[in-house]
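Geometric and topological summary
Listed below, chain by chain, are the residues.
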Amino acid sequence: MGYKIKAISRTVLVGVIIVIIIVGVAAGLAFTNFLQKPTTTPTPTTTPTTTPTTSPSPSLYSVQIGSATIRVSQDFYNFILQVKNNQLKVSINFWTSMLPFEVSNVQKVVNDFMSEYPGITVKYTGTVQNMKEAIKAGVVANDVENTAHVFTWAHDWTGEMADGGYIISLSDYLPPETISDIQTQYISIAYTAGVYKLKLYGLPWAAEAIALVINKNLVSKPPQTFDEMLNIMKQFNNPSQNKFGLAYQMDPYFLYPFITAFGGYYYNEDNDTLGVNSTETEQGIKFWIQNLLPYIDTRDLSHENQLKVFTDGRAPFIITGPWDIPAIKQVGIPIEVVPIPNIGDKTPKPFSGIKLLWITKLVANDKNRLFASILFSLWFSLNDNELKMLVDKAGFIPVKKSIVDHLNQHVSDYPITSGFANSITRSIPMPKSIKMSYVWGDVSNALNAIFTEYSQKGPDAAINSIRTYLNQAQQSILQKFSGKS
Amino acid sequence: MTKRLEIYPKKVALLLCSISLFLYLFFLIWPISYSVFIAFTNANAVNIASDPKINELKTKLQHIENYLIKNKEFIISKVNEAENYINSTILELNLLHKYINNVNSKSFSIIKFDEYKQNINSNLTNAINIITSNSTNLYYYTDLRNNLDKVFNEIQKVWRDIDNIIGFKLTYTDDDINKIREIINNNQAIIQSYLTKSIENLIDIKNSYDNFIKTVTSDISNQIDSISLKFVGMDNFYTLFRDSRFPFSIFKTLLFILTSVPLKISVGLLLAFIFSSTMIYGRKVMRALLLIPWALPVLLSVTTWRMLFVPGQGFYAQIFSNISNYDFNIYLHEWDAFLVYNLVETWLAYPFVMTVTMGAIASVPKEYIEAAYIDGSNVFTRFRKIMLPLISRPVLFAAILTTGASIQAFMVPLLINNGGPTALLGFLNFPTALGNTNEVIILYGYNRAWLDQQYGLSTASFLIAVLILLVFAIIWFYFVYKRSFSR
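Residues numbered from 1 in each chain as written. Chains lettered and ligands numbered in written order. Predicted model: local features only at pLDDT ≥ 70, side-chain atom pairs only at ≥ 80, totals over all residues. Heavy atoms only, no water.

Below, the discussion takes up the overall build of chain A. Helices and strands together make up the secondary structure of chain A, namely 18 helices and 15 strands. Looking at chain A as a whole, 56% of its 485 residues qualify as buried. Just so you have it, chain A exposes about 19700 Å², and 52% of that area is on carbon and sulfur atoms. (Helix = DSSP H or I, 4+ residues; strand = E, 2+ residues; numbered from the N terminus. Buried < 20%, exposed > 50% of the residue type's maximum accessible area, 1.4 Å probe, protein only. Areas by Shrake-Rupley, 256 points an atom, 1.4 Å probe, with all protein chains shown as cover.)

The following block contains the structure:
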């Protein structure tokens, strides 16, 4: 009997397995079909059945958002009134991936916003890990409640986020008049950073670029030219006593100023050209080997070690961005910030990143949340008081014209911020295209290899190797480009 | 039989069966087959999760043709409007060009300049608004969009450069004016050429509207195509072996197994024997302390090890350099880093080997050893003839597991120096390529995914790692397990 039961249960088991596999496969197929075919067939957003007249501008209302007066549509105007008077309740999620001291200051901005518009609740998460992946996953899964509606990061994510459809364009939801009013509020480089393929995607509120940070205990007057800087570096450099002329980490982002000074570049998205192995790029790297590397602690070129060299007072200069300022201030070194000085008539132009506020696709079908997200982004990027607070407390470099003006009128009050701001005005914004993500790794490899050559065989061997390694990198990146398209 | 059925009713059996099979299917078969599938696609950052955009574009594609046919008149009128705005932009640009070439530092007026700037900006913005508007769909005409995009970017660059010169000055020198003039003269031609191209695009639309519809639909299809995940067959595997990096990575992994496994086993064995001896006072406490590497989070302990080996500053790095009078540098020297990987890996794994071995030693009956002792055998004979054969199975078992861990080495090289240093790699007859000299297989896959965002390629490399593990498992099963355990 036992045999039989065993035999029966085995047959049943096999049968069930087969059935479930079939069901599973069928369900899988159905699921993929479902994914490909949107269940609802949304009509084109605006269908002018009756042909609109020449300029279909609906009635516009002027409204004060933050410190700016802009023209908005009637819908949006009514929405603002309602949330201001607490007649309408909306909640939105706001995500950032920031350091703790930045988060506490942004939290203040969020609180001020909520007290001005009591109808809107902003659920703020300050330190999101893997923010990009988390947002992508949330949008794909359409997880409206647990994913960001508004988030902020440097503008180089724009291409990837916009092409993938994770963020919405403000141009699709705001009348042209609003867009032109917004445009006049920011410095040109910042507004342009938010525009991708002609559409405005993100509102700028801060920027960052690397600059020359000077230890005022060691150097009283900032160098005006690179030759002056070189003299000071030579004077301080003494590796045997663990003292150096400059603290400067090695990676493609940090090295860029010296590459652009000679006319070199990595990737130009306007013409879709790759300049990794151009002679100008080669010259820039050669300059770095000859005039900077001898004065740097080359035993460890990582960020942490280079920062330590500066905070220990073992170097008069560090080339770095605003993010390191709190650590430097903490050890009490008096500093001044200036743009990296010109090399003769050549201007070193660093990469700059513009921090943008983006709105995710998740709110596109929920008008109240959409408006709340837009209002929040506008208010955040247009409010002079809050932006000033962020400058003073967290050292964020402003991009709104009125604040930049204010900064320039009070340069002596802002020795650090105005230095970075000046560096930004001469900077080159990072490319927005996703193609740039194929560039970093290979250029970094090439730099590492050149540096290995430098430390094992000396500067001449390193200079001779530049071309080989840059060619390798160029070739490898081109392969990745071709695989993509 | 009826009683048996009561204990194991078929319904319950079926229920349990189907639940377990469901779990099996969706938590095992589906994820595994999906990741295997990814290895045969061109998955990258653009197409891995592009569903939101694809859905949006597909919806657009369904409706656009009808919409464009139905609203031809409206769109043509908008095209005319845009053309006017672009023509005005060209006109204003020429006026500015003329103005700037006829002023000097005294007659230059910033108000006048701003007026030109404002006019150019507003005309261009109006034109752009028509193109991006949802009601015209001109946005999907790629040529037009690209040309206008170039105009926008170039003009913004001009304003930016001029802003840098004018800054917040109240008076301007001749030099300033010359620089502004230079900027405008240098860029005017290129901006105008793109503006003219945009106008040509607009005229094309008017001349052959049917052609425009075709272009727009094919542009949208192309865009969908460019962000869709594609099956590429064995391409990723060819790519892996197209240059030296991956083959070298396999070689490095095998080498790492050859060096780290004997180290781990011998250190573990040695410590186990020492601390099994009753002659050591406080051995229980010491034994417990020796297990600490096991208990610490790998991230913390490996980072600490890296600190100790930071060239020139780390404690061990300095000692190593002083002893050998050699610049010990994990960031620059391939084999220094490799040595540190072995050290750290050994440090991480010896508690495991030690624990297993100690258990085995404890289970060896004392009588055997005593008997051998009485028979006159010395320490080494006792170890070789009695101890070793009796503990060989558990030690072998530990060795196999720890070999598996070595094949999958990842955290240690990643945290020590990310598989560096970088050099030109040439391995056997594979073409040379720039790569990290200590990038073991798993790290190679990780870097391809996180640095290069080539998920397909990355998965393919992981699949090969799985194959290597499989080969290892088969060897283990047929040549070791069957011989020593089935007896």
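Right, let's talk about the domain arrangement of chain A for a bit. Residues and elements named next belong to chain A. If you check the domain split of chain A, you get domain 1 (21-208 + 353-429) and domain 2 (210-350 + 432-481). Inter-centroid distance (C-alpha atoms) of domain 1 to domain 2 is 33 Å. Approximately 1900 Å² of surface area, both sides summed, lies buried where domain 1 meets domain 2, with 67% of it carried by carbon and sulfur atoms. Contact with domain 2 buries area across many residues of domain 1, yet Ile416, Phe420 and Arg426 alone supply 36% of it, more than any other trio. Where domain 1 packs against domain 2, one counts 0 salt bridges. If you list the elements that add at least two residues to the side of domain 1 that touches domain 2, you get helix H5 (158-163), helix H7 (188-194), strand E6 (195-196) and helix H16 (415-425). No other element matches the 6 residues that H16 contributes to the side of domain 1 that touches domain 2. Split into classes, the residues belonging to the side of domain 1 that touches domain 2 amount to 9 nonpolar, 9 polar and 4 charged. (Domains from an automatic or database assignment. Buried area = accessible area lost by both parts, 1.4 Å probe. Salt bridge = Lys/Arg side-chain N within 4 Å of Asp/Glu carboxyl O. Nonpolar A, V, L, I, M, F, W, Y, C, P; charged D, E, K, R; others polar.)

On to the packing of helix H10 (residues 245-276) of chain B against helix H19 (residues 441-450) of chain B. Residue and element names in this part refer to chain B. Here H10 crosses H19 at 145°, and the two axes come no closer than 8 Å. Contacts between H10 and H19 involve Arg245, Phe246, Ser249, Ile250 and Thr253 from the first element and Ile441, Tyr444 and Arg448 from the second. A class-by-class count of the residues in the contact of H10 with H19 yields 4 nonpolar, 2 polar and 2 charged. (Axes fitted to C-alpha atoms, helices over the stretch in contact; angles between N-to-C directions. Contact = heavy atoms within 4.5 Å.)

Okay, the pattern of salt bridges next. Residues and elements named next belong to chain A. Using the criterion set out here, one finds 32 salt bridges over all chains in the structure. Residues Lys216 and Glu336 are paired through a salt bridge, measuring 4.0 Å at the closest nitrogen-oxygen approach. Of this pair, Lys216 sits in the loop between strand E9 (211-215) and helix H8 (226-236) while Glu336 is found in strand E13 (residues 335-338), placing the two residues 120 residues apart along the sequence. For Lys216, a relative accessible area of 40% translates into the label partly exposed.

All names here are of chain B. In total, this model carries 65 aromatic pairs over all chains according to the counting rule given. Ring plane angle 50° and centroid distance 5.5 Å describe the contact between Tyr209 and Phe212, whose orientation is recorded as tilted. Taken together, the positions of Tyr209 and Phe212, both in helix H8 (residues 209-226) and 3 residues apart, correspond to about one turn of that helix. Assessed through its relative accessible area of 4%, Tyr209 is described here as buried. For the ring pair Phe309 and Phe320, a centre distance of 5.6 Å and an interplane angle of 90° mean the geometry is edge-to-face. With Phe309 in the loop between helix H13 (298-308) and helix H14 (315-324) and Phe320 in helix H14, this pair connects stretches of sequence that are 11 residues apart. (Phe/Tyr/Trp six-rings, centres within 6.5 Å; stacked < 30°, edge-to-face > 60°.)

The next subject is the environment of Val276 of chain A. All names here are of chain A. Tracing the backbone through its elements, the reader meets Val276 in the loop between strand E11 (273-274) and helix H10 (279-291). Each C-alpha atom, one on Val276 and one on His406, is 39 Å from the other, the two residues being 130 residues apart in sequence. Those residues in contact with Val276 that lie beyond four places of it in its chain are Tyr265, Tyr266, Thr281, Val439, Val443, Leu470, Ala473, Gln474 and Ile477.

A cluster of nonpolar side chains, namely Leu15, Ile19, Phe22, Leu23, Phe26, Phe27, Trp30, Tyr34, Phe37, Ile48, Leu229 and Phe231 of chain B, defines an oily patch on the protein surface of about 1200 Å² accessible area. If you trace the backbone, Phe26 of chain B turns up in helix H2 (residues 10-38). (Patch = residues over 30% accessible without salt bridge, like charges linked within 9 Å, V, L, I, M, F, W, Y side chains within 5 Å.)

Residue and element names in this part refer to chain A. Along the polypeptide, Lys400 turns up in the loop between helix H14 (384-394) and helix H15 (401-409). The class for Lys400 is buried, based on a relative accessible area of 3%. A distance of 2.7 Å separates the side chain of Lys400 from the side chain of Asp384, its partner in a polar contact. If sequence neighbours within four positions are ignored, Lys400 has contacts with Ser67, Gln185, Tyr186, Ser381, Leu382, Asp384 and Leu387. (Polar contact = N/O pair within 3.5 Å; in protein donor to acceptor, adjacent residues only side chain to side chain.)

What follows deals with the domain arrangement of chain B. All names here are of chain B. Each assigned domain of chain B is listed here: domain 1 (2-39), domain 2 (60-226) and domain 3 (238-486). Taken residue by residue, the interface counts 4 residues in domain 1 and 5 residues in domain 3. Interface area lost by domain 1 to domain 3 is led by Val36, Ile38 and Ala39, which between them contribute 89%. At the surface where domain 1 touches domain 3, the tally comes to 0 salt bridges. The interface formed by domain 1 and domain 3 contains 0 residue pairs in polar contact (both at pLDDT 80 or more). Each residue belonging to the side of domain 1 that touches domain 3 can be placed in one class, and the counts come to 3 nonpolar, 1 polar and no charged.

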